[in-house]
Amino acid sequence: MNTPDNTQGFATKAVHAGEEPDFREGASGDVVVPIHLSSTFARKKVSVPTAGYEYIRSLNPTRKALETKLAALENAKYGLTFASGLAAETTLLLALLKSGDHVVAFDDLYGGTRRLFNHVLADYNISVTFVDATDASLVENAIQPQSRMIWIESPSNPLLKVCDIRAIAKIAARHDLILVADNTFLSPYFQNPLDLGADIVVHSSTKYIGGHSDVLGGAVLLNSAAYYEKLQYHQNAVGAVLSPFDSYLTLRGVKTLALRLEQHQKNAVEIALYLSQHPRVTRVIYPGLETHPQHRLFKSQTTGAGGVLSFEIRGTTKDAERFLERLKLFALAESLGGVESLIELPSAMTHASVPEEIRKQTGISDTLIRLSAGIENTKDLIADIKQALQNE
Ligand code: P1T
């Protein structure tokens, strides 16, 4: 596939990287990489796979194009894509850790990632210590002799806490640990953790990268050839790869990432400001607001605040539920990053698998609401929130 041109801007790479027209003899010059459905590839000589292709699980041209594009967008040398964000995480963890290893992880993570650490990896004798990684010294203090990895989300899900990625990268380097940053919430358009010192970036491409709530996927982007080889080996050995059709849908979605993110962000800012002055709202958490406790740090490592915000409303869980059920434009649904606005109650939905006492400890109250601003007209979204917040 094509080598990305790193002098190009983000929107150009999003359209072109990995997808230049093929003018080789007999090729048709498609401007869009086709969906290569063939599950196997014929060769003329026993020992020579045609252009490196052998079998769909090992390598597929549509998936390869997406991997090239996503690597270009994260300023990475290598990219791999998987059947889901969690498939990407699982393959990465199995590839780089072994029984007896220890991970230091942020205590505010997607509920499914916590579940993976606590209920799957624990059975393989891989242990984890969760810490408030907004304080980098707590990360360093939690390192043990058997630690191999630090795992962060910034901003985190669902409390939008921010880690000092540069500082944590220095700690990781000092202790010879692998720093993994889940960049799902901001997408490569607003933040590139590898440039800040992280070793590996993971994405749930189900979110902003796919962008249309119609495809599940995950990605791993990195610069180390040694880790890439291990991961590629495990991707094939474990088999949790992205299908050709899902690769195509993701390629299609990611081309408009820059345009979409600008509108997601515009809507999120307006909604955050509206909610901040509403008498029924007690707290708004959005890293783009100056009131966010880590706003300055956040600005120093990102180019935008994205489209997700969380807030709490006055009253009980029932009041929060009534508000959510009254909304008309916002879909009451898990996930985020789609063109349509989504809203949810983490304690009962995305983070229900996190034990109640841990939710309380990290700050996920029963009235905390997480909102993913879509790309609709701002005034329509605000009107919907306004009517749903009105007391009966
Ligand atoms: O759903 P999947 O593609 O497997 O990705 C898991 C995942 C990983 N990392 C982050 C930061 C995530 O938010 C997710 C999935 N999150 C949701 C479904 C959600 O509503 O938060």
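Residues numbered from 1 in each chain as written. Predicted model: local features only at pLDDT ≥ 70, side-chain atom pairs only at ≥ 80, totals over all residues. Heavy atoms only, no water.

Participant: Pulling in residues and values, what's your account of the site of the ligand?
Facilitator: By nearness alone, 19 residues border the ligand, and D182, T206, K207, S335 and R370 come closest of all. Contacts to the ligand include L86, whose backbone N or O atom sits 2.9 Å from an oxygen atom. One of the side-chain N or O atoms of D182 is found 2.7 Å from a nitrogen atom in the ligand. Expressed as a share of its isolated accessible area of 480 Å², the protein-covered part of the ligand is 93%. No other element matches helix α3 (residues 85–96), which puts three residues into the shell around the ligand. Looking at the shell around the ligand residue by residue, the class counts come to four nonpolar, nine polar and six charged. (Near = heavy atom within 4 Å. Polar contact = N/O pair within 3.5 Å; in protein donor to acceptor, adjacent residues only side chain to side chain. Areas by Shrake-Rupley, 256 points an atom, 1.4 Å probe, with all protein chains shown as cover. Helix = DSSP H or I, 4+ residues; strand = E, 2+ residues; numbered from the N terminus. Nonpolar A, V, L, I, M, F, W, Y, C, P; charged D, E, K, R; others polar.)

Participant: Describe the sheet that holds strand β4 (residues 147–153), listing the residues and the values that go with them.
Facilitator: Spatial ordering of the open sheet is given by β1-β7-β6-β5-β4-β2-β3, a layout of seven strands whose pairing is mixed. If you trace the sheet from one side to the other, it starts and ends with β1 (78–82) and β3 (127–131), each paired once. Shown here is a sheet whose adjacent strand axes are inclined to one another by a mean of 20°, direction ignored. Both strand β2 (residues 102–106) and β4 contribute to a ladder of four bridges, which runs parallel. Bridging from a neighbouring strand, V104 pairs with I150 of β4. The sheet strands contacting helix α8 (residues 225–238) are β1, β5 (178–182), β6 (200–204) and β7 (218–222), and the helix crosses β1 at an angle near 25°. (Pairing = 2+ DSSP bridges. Axes fitted to C-alpha atoms, helices over the stretch in contact; angles between N-to-C directions. Contact = heavy atoms within 4.5 Å.)

Participant: Describe the pairing of β3, and please don't skip the residues or the numbers.
Facilitator: The pairing of β2 with β3 spans five bridges and is classified as parallel. Considered in β3, the bridge of F106 is made with V131. Note on the crossover from β2 through helix α4 (residues 111–120) to β3: the handedness is right-handed. (Right-handed = clockwise from strand over helix to strand, strands pointing away.)

Participant: I'd like a rundown of the pattern of salt bridges, residues and numbers included.
Facilitator: Applying the stated criterion across every chain, the model contains 14 salt bridges. Among the salt bridges present, the one from K255 reaches E19, with a minimum N-O distance of 3.1 Å. Linking K255 in the loop between α9 (244–254) and α10 (257–276) with E19 in the loop between α1 (10–16) and α2 (61–73), this pair joins segments that are 236 residues apart in sequence. Residue K255 is classed as partly exposed on the basis of its relative accessible area, which comes to 22%. (Salt bridge = Lys/Arg side-chain N within 4 Å of Asp/Glu carboxyl O. Buried < 20%, exposed > 50% of the residue type's maximum accessible area, 1.4 Å probe, protein only.)

Participant: Can you tell me about empty space enclosed by the protein, naming the residues and giving the values?
Facilitator: The tally for this structure, following the rule as stated, stands at one cavity of 30 Å³ or more. The calculated volume of the largest cavity comes to roughly 40 Å³. If you go around the largest cavity, the residues you meet are G111, R114, R115, N118, H119, S353, V354 and P355. Both domains that furnish three or more residues to the lining of the largest cavity are identified here as domain 1 (10–254) and domain 2 (257–389). (1 Å grid on protein atoms, 1.4 Å probe; cavity = no way out; pocket = protein on both sides within 12 Å on 5 of 7 lines; lining within 4 Å. Points joined across faces, edges and corners; volume = space filled by probe spheres on them. Domains from an automatic or database assignment.)

Participant: Give me the lowdown on the packing of aromatic side chains, citing residues and values where you can.
Facilitator: Tallying each qualifying case throughout the model produces eight aromatic pairs. Between F10 and Y189, the ring centres sit 5.1 Å apart and the planes meet at 65°, which makes this aromatic pair edge-to-face. Placement of the pair is F10 in helix α1 and Y189 in helix α7 (residues 187–190), with a sequence separation of 179 residues. For F10, a relative accessible area of 17% puts it in the buried group. With centroids separated by 6.0 Å and ring planes inclined at 75°, the aromatic side chains of F311 and F323 adopt a geometry described as edge-to-face. With F311 in strand β9 (residues 308–313) and F323 in helix α12 (residues 317–326), this pair connects stretches of sequence that are twelve residues apart. Counting every residue linked through ring pairs, the aromatic cluster contains F10, Y189 and F190. A cation over an aromatic ring shows up here: R114 above the ring of F130, its NZ or CZ 3.9 Å from the ring centre. (Phe/Tyr/Trp six-rings, centres within 6.5 Å; stacked < 30°, edge-to-face > 60°. Lys NZ or Arg CZ within 6 Å of the ring centre and 35° of its normal.)

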